[in-house]
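Coordinates in review
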Amino acid sequence: LGQTFQVTSQEATKLSLAFSRPPLPSAEDCQKLSEDVQSAILAVATVYYWLPKGQGTTLRKMVRDATTEVVEGMIQLTDTILSAPAESLSQEQLISTGGVWEACEQVSNLPRDNQAAVASALAACLGVVKDAVEEMEHALVEGQDPYGDIMEDEELGFRGNRDTYWSEADRQLLSSCMGLMKASKACLKKVLGVVKAYGKADSPEQIAQLDDIADIANEISPSVDELALSMYPPVNPLAVRLNAAKLASVLKKVLEITKTSHVCPPSEDSWVQFLSGAVDHNMNKIKNFTQGQL
C-alpha cells in the first residue's frame, strides 16, 4: 500500500508539472500521462481489495477511507487541470496537487492491525466526548447564560425570554446528566486503556471482539451529543430522560461487551463494576427528577 501511494504521489507531480507551463503536452504525451495515472490508481484500489476482511472491519474501513481520499484527490487534480486555463500554474492546481501528496502521505499513519485501528477509533471518540463534556460544563457554570454567545436581536433589544435560562429544578436534573456524560468519558478512557494493554489481533475471535467494541463505542459520541442538545433551555424533562436512557443503554452495552472480551482480564473487573454502578446511579436520579412528568 505504501508503494502504491508513493507511485500515485509521483504521478500527480508529473501530471501537474506537465500542465504547469506552455507548451502543452502533445496528444501522445497526454495519453501516456493518463495511462500512468490510471495504472497508479488501479494499483492503489487493488491493494486495498487484497486486505482480507478477516483482518478486521475497523482496520479495513480506515484503509478504505485513506484509499478513497487518494482516488478523490487525483480526480480533483485532473478536473482542475481540465478546467483551468493552460497559460500558467493556477492556485487551484497547486492546492489540488498538494491535496494528493497529503492523502498519499497518510499511509505512514495507518494502523498496522485491528488492535491499533480500534485503539485509534476509540481515541477519536474520546476526543469528541471530552469536548462535549467541557462545552456543557462551561455552559452550566452557575448563573451563566447558555445563549450568551448568540448576538441579541437589534430590534427587540435584550432577550427577556425565560426560556433561555435554566431553573433550579433544571439544574438539579442536569447535574445527573453531567454525571452520565462524565461516565461516558471515563468509560471510553478505560476501554481505550485495556485495548492498548491487552488487545490482540492474532486470531479471528480476538479481531471480531475488537470490532464489536469499536462498533458499540462508536454509538457513545452521537448519544452524548443528543443528550447535550436536549439539555439546553427550554428543557423538556421527558426528552432529557429519553436521551439519558439511550446513552445509559449504550454505556452498559460497551461495558458488557468489553468485560466478556479478551481485552478485559479479571484484574480489570473492578472499574467495569464501578462505572456500571455510576451509570445506574445517575440514571436512577434522572428517573426520580422526571417521575412527575410522566
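Here is a short report on the structure shown in this document. (Residues numbered from 1 in each chain as written. Predicted model: local features only at pLDDT ≥ 70, side-chain atom pairs only at ≥ 80, totals over all residues. Heavy atoms only, no water.)

On to the environment of Thr-8. Here Thr-8 is to be found in helix H1 (residues 2-18). When its relative accessible area of 0% is taken as the criterion, Thr-8 is described as buried. Taking the C-alpha atoms as reference points, Thr-8 and Ala-214, separated by 206 residues in sequence, lie 31 Å from one another. If near-sequence neighbours (up to four positions away) are discounted, Thr-8 is found in contact with Ala-40, Ile-41, Val-44, Val-70, Met-74, Val-100 and Cys-104. A polar side-chain atom of Thr-8 sits 2.8 Å from the main-chain carbonyl oxygen of Thr-4. (Helix = DSSP H or I, 4+ residues; strand = E, 2+ residues; numbered from the N terminus. Buried < 20%, exposed > 50% of the residue type's maximum accessible area, 1.4 Å probe, protein only. Contact = heavy atoms within 4.5 Å. Polar contact = N/O pair within 3.5 Å; in protein donor to acceptor, adjacent residues only side chain to side chain.)

This part takes up helix H3 (residues 57-83). The end-to-end C-alpha distance of H3 is 38 Å, a good match for the 39 Å that 27 residues give at a rise of 1.5 Å each. For H3, the set of buried residues is Thr-58, Leu-59, Arg-60, Val-63, Ala-66, Thr-67, Val-70, Gly-73, Met-74, Leu-77, Thr-80 and Ile-81. Summarising the contacts, the buried residues of H3 are in contact with H1, helix H2 (27-50), helix H4 (91-105), helix H5 (114-139) and helix H7 (204-217). (Expected span 1.5 Å × (residues − 1).)

Scanning the model with the defined rule gives seven salt bridges in all. Measuring nitrogen to oxygen at the nearest pair gives 3.3 Å for the salt bridge that ties Glu-226 to Lys-246. With Glu-226 in helix H8 (residues 220-230) and Lys-246 in helix H9 (residues 237-259), the pair connects residues that are 20 residues apart, well separated along the chain. When the shortest N-O distance is used, the salt bridge between Lys-252 and Asp-280 registers 2.9 Å. Placement of Lys-252 in helix H9 and of Asp-280 in helix H10 (residues 269-290) is noted, with a sequence separation of 28 residues between them. A residue is classified by how much of its surface remains accessible, and Lys-252, at 28% relative accessible area, is partly exposed. For Asp-280, a relative accessible area of 34% translates into the label partly exposed. (Salt bridge = Lys/Arg side-chain N within 4 Å of Asp/Glu carboxyl O.)

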